[in-house]
Structure formats: C-alpha cells, structure tokens
Amino acid sequence: MSTDKDRVNTVTITDNQTGNSIELDIIEPTQGDRIIDIQSLHNKLGLFTYDPGFTVTASCWSKITYLDGEKGELQYRGYPIEQLVEESSFIETAFLLLCGHLPSQSELDEFSVEITKDSLLQEEIKRFFSGFHSNAHPMAIMVGVVGALSAFYHKYLDIHDPINRKDAAKLLIAKMPTIAAWSYRYANGLPFVYPRHDYTYVENFLHMMFDLPTDKYIVDPLIAQALEVIMISHADHEQNASTSTVRLASSSEANPFASVAAGIASLWGPAHGGANEAVIRMLQDMMSSEKSIESYIERAKDKSDSFRLMGFGHRIYKNYDPRAKIIRKLCHRIGSESESALSVENKKLLDMALKLEGMALADEYFIKRKLYPNVDFYSGIIMLSIGIPLNMFTVIFAMARTVGWVSQWNEMMGDDSSKISRPRQCYLGATKRDYIPMDER
Ligand code: SDX
C-alpha cells in the first residue's frame, strides 16, 4: 500500500461487495478539476463506470481550449475569448487553434494566402448542389457536400502524415465559407459567386452570400467585424457534442471530410448548434402570440412539457456563458452604430430577449439550476441584422466550428496512443435464452 506522501495523487476505490481495493492515479491538469485515471479499473476490480452523456468523464486530453463553467471563462490555447474578439481576427484565431501559438506577421500572411487560395471548389462539386431539392435546408446540403469532399480531394487522405493532416485541416477551413455560401445561394435560386483573393476570410463569405450580378455587394466594415466576433466566439469549445462526434468518427481512421460531416450533423440538433435558429423562432412565437412571456417560462419549468427555453442552460457553464456576454454587447453596438441599424423587427426581438433573460434570471427554477443564457441566445439577433436568414444560422456556426473540429482532429490523430473509441454499456436486456421455433411461439 502506498505511503501517505504518495496518496495525494491517487484515489482508493473499494468494492464493498468483495472487499477488494485498488488505488487509481489522479491526473493533475494544467487547469481544471483533477481527474481519476480509471483505465485499469476493469482489469483490477472487474468494474465499469456508468456516465450517460459523459457528464463527469474526460474522453481525451487536449491542449486547445479550456472552459471554467463555474467562473464562466473560455480560453483558446490559454488566451481569454474576450481578448481574442477584441484584438484578433477569425483567421488568426484559426491559426492559433490549429498551430498552438499566435502567428508572426509572416506566418499569418502565409496562412491567409493558403486559405484563400484553397477557397475555390472543384467545378464538378457544383453538380452536387443541384442534386438537392430547391427548398433543402442549407445544413442538409452542407452535410452532404462536406461528406463528399473525400471523393474530390484524394491527396488529403493520409491521416498519419502530419503535413498532410495540416493540409487537410487548412483545406476544410478554406472551403467551408464557399460551401456555406453556395448552400444558401442554391437554396434561394441564386447564381453561385466565386471567392476573391483580395477579401479577408469573413469579407469573402459575405461577398459570396450577398453579391448579385445586378447589384454589387459592398462589405460594411461594421458588419464584417460583427461576423468576425461571431466566428471567433464559435470557433471551438472543447469536447462538446459535435467535436466529440468528430473525434469518435475519426478514431476509426475515417477521413477528415467524413468525420467533419458527422460533426456538422451532430451540431444541427436544437439541443446543440441548432439552438440559435430555435431561439429566434421562440422569440418570434412569443412576439406573435397573445400568450405572456411568463407562460413560456412556466412551460419551460413544467417537466410534463417538452418545451425548453432555447438559448438557456449549458452542460458546463453554471454561470453566464462568456460568449453570450460578448454577443449581447455586440447587439447593442450594432443597434447604435451601424447605419444598417437593427431593423424594427430585430430591435423588438432584442427587447424581447432582454426581457425574457431578465425574467428567467430572476426565477428560482433557473437560479437553482444555474441556467444562464448561452452562446445561442443572442447570436441569432446579430445574424439577422447582418442579413443572414434563419436557416443559415447553424451553417455559420458550422463554418466557424470547423476550425475547432479540425484542430481537435489533428491533435487526436497526432497522438500515437490514441485508439478507436468504443464505449461499454450497462446491459439491461434479456438473459441468454434458446431460440423458439415458430410453431412453439
Ligand atoms: C451549445 O457543449 C457545448 O459546449 C455546446 C456549445 C458549444 O459551443 O459547442 O456551447 C453550443 O450547444 C449551447 C447550448 C445550446 N442549446 C440550447 O440552448 C437548448 C436549451 N438548453 C438545454 O437543452 C440544456 O440546457 C442543454 C442541452 C444545453 C444542457 O443540457 P444538460 O447539461 O443535459 O442539462 P440538464 O438536462 O442536465 O439540465 C439540468 C436541469 C434539468 O432540470 P432538473 O431535471 O434538474 O429538474 O436544468 C433543466 C433540466 O430540465 N434545464 C432546462 C433548460 N436547460 C436545462 N429547463 C428549461 N429550459 C432549459 N433550457
């Protein structure tokens, strides 16, 4: 048995049924709660752990993003999100997340040129879009087109080569704005617009979204800056559902395009990235119905009702989501500074959101459960004010989160000890029994 001085870094587990005890190591992370290494638990005690939804389970190690749920803090490679949205650009943040350090000017210039150079899509991919029904949801188009990229970009499939992995990561970062914008253009019967090499990453996306052969789109710097903030705020968020999906899918050595397509599919759910669209639909419903806000709050508290207050609550944040604070401040700034000020409709949405937030945060149910606005609560109002339609909100989220997905994928595939993810289960089905011939049933 270890001496006291060693105990500080182990935990003892005793199976009270057998009396057997084991000591398990405790891993000391650079930030965050200490973690029990349970890898030897089954070998030593014959026991599994049970944690549906991975509420207290670390699925991996990572050096990319850290969140403190109690304090409401978010850091990318140690840099606070509040500083990055003020000082950085999305493409610089992408470099930081993927490469692990803030780039020198020459590194940033080179990275930007590489990403812009790869923003074009193979012309044959255009036919892919036309395979969709004209009223297809842009997320459905995005899942399909991204998943098919491996059919067009064969030379990026050697996932064990670090250079090739970086190239595949940069290719996905480069192509997402074009795929996102073209998903919108196709769903709205508009001609595709090609990226330009003299625009920034965000300006290019706005250009491809809104430029018309009949009416040149001039990028409004404030709108571009607002989208930069939205994109930086959504770039990564440690092991959320969609990132965990990308990690799990690629743990079988599936190619990065297929793995990111799986992440896009997971993000689409209203409990995750689909919440931004659901928040606006909820606010619009509140505005158009005679029912009071109080009645919606009561429904959200009623367990027999599946309705939840969209944009509220979070698995990790038990304090205000720092991104929600940033985006709420941006709503006010757009409302006061931009000549394309919040439309009357959007101003009403913002007022409704602020009122709903105030009432919920004063309600015992939300206070007791530490339910605060999350990143999705205000982001939709900004996107509407930029002219982004409702069904494109999660597409924007996916475009930004691609940086996090490929950075986490690259980190995992670079770890020689990583293995295929294969969770166990708690089996509650029938015990072993013999087959019953049809005439005896
Ligand atoms: C994102 O993981 C990430 O990092 C995600 C994300 C990212 O950047 O990748 O941050 C992006 O997905 C943000 C979340 C967007 N989703 C929504 O806004 C949908 C509404 N929120 C809920 O569905 C919920 O809060 C979740 C899904 C976000 C979190 O779910 P949890 O951690 O499983 O919450 P829970 O079910 O354990 O909630 C604890 C309690 C429960 O009540 P009790 O059983 O204790 O009585 O709080 C209640 C829940 O019923 N609750 C809510 C609520 N959220 C939780 N009640 C009403 N309205 C809500 N929104």
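Up top you'll find the structure we're talking about.
Residues numbered from 1 in each chain as written. Predicted model: local features only at pLDDT ≥ 70, side-chain atom pairs only at ≥ 80, totals over all residues. Heavy atoms only, no water.

### What about the sheet that holds strand E6 (residues 79-80)?
Strand pairs in the sheet, formed through backbone hydrogen bonds, run parallel or antiparallel to each other.
Phase 1 of the analysis: What the 3 strands build is an open sheet, ordered E4-E5-E6; its pairing is antiparallel. Edge positions in the open sheet fall to strand E4 (65-68) and E6, since each of these has one partner strand only.
Phase 2 of the analysis: Across 4 bridges, the pairing between E4 and strand E5 (residues 73-76) is antiparallel. Opposite threonine 65, over in E5, you have tyrosine 76 as the bridge partner. (Pairing = 2+ DSSP bridges. Helix = DSSP H or I, 4+ residues; strand = E, 2+ residues; numbered from the N terminus.)

### Observations regarding the packing of helix H11 (residues 241-250) against helix H12 (residues 256-267)
Phase 1 of the analysis: It is the contact of H11 with H12, at a shortest axis distance of 8 Å, that shows an interaxial angle of 150°. Between H11 and H12, the crossing angle belongs to the class labelled roughly antiparallel. Relative to H12, H11 is oriented so that their crossing is right-handed. Where H11 approaches H12, its residues Ala241, Ser242, Thr245, Val246, Ala249 and Ser250 are matched on the opposing element by Ser259, Val260, Ala262, Gly263, Ser266 and Leu267.
Phase 2 of the analysis: Tallied by class, residues from the contact of H11 with H12 come to 6 nonpolar, 6 polar and no charged. (Axes fitted to C-alpha atoms, helices over the stretch in contact; angles between N-to-C directions. Parallel < 35°, antiparallel > 145°, perpendicular 65-115°, else oblique. Left-handed = near helix turned anticlockwise from the far one by under 90°. Contact = heavy atoms within 4.5 Å. Nonpolar A, V, L, I, M, F, W, Y, C, P; charged D, E, K, R; others polar.)

### Observations concerning a positive patch on the surface
Phase 1 of the analysis: A grouping of Lys303, Arg308, Lys368 and Arg369 is seen on the molecular surface, where their side chains present a positively charged patch.
Phase 2 of the analysis: Tracing the backbone shows lysine 368 in helix H17 (residues 364-368). (Patch = residues over 30% accessible without salt bridge, like charges linked within 9 Å, V, L, I, M, F, W, Y side chains within 5 Å. Areas by Shrake-Rupley, 256 points an atom, 1.4 Å probe, with all protein chains shown as cover. Salt bridge = Lys/Arg side-chain N within 4 Å of Asp/Glu carboxyl O. Lys, Arg positive; Asp, Glu negative; His and termini not counted. Charge placed at Lys NZ, Arg CZ, Asp CG, Glu CD.)

### Describing the layout of surface pockets
Phase 1 of the analysis: What the second largest pocket holds in volume is close to 290 Å³.
Phase 2 of the analysis: The wall of the second largest pocket is formed by 21 residues, among which Ser112, Thr116, Tyr199, Thr200 and Tyr201 lie closest to the centre.
Phase 3 of the analysis: The element that contributes the greatest number of residues to the lining of the second largest pocket is helix H5 (residues 105-117), accounting for 6 residues.
Phase 4 of the analysis: Classifying every residue of the lining of the second largest pocket gives 10 nonpolar, 8 polar and 3 charged. (1 Å grid on protein atoms, 1.4 Å probe; cavity = no way out; pocket = protein on both sides within 12 Å on 5 of 7 lines; lining within 4 Å. Points joined across faces, edges and corners; volume = space filled by probe spheres on them.)

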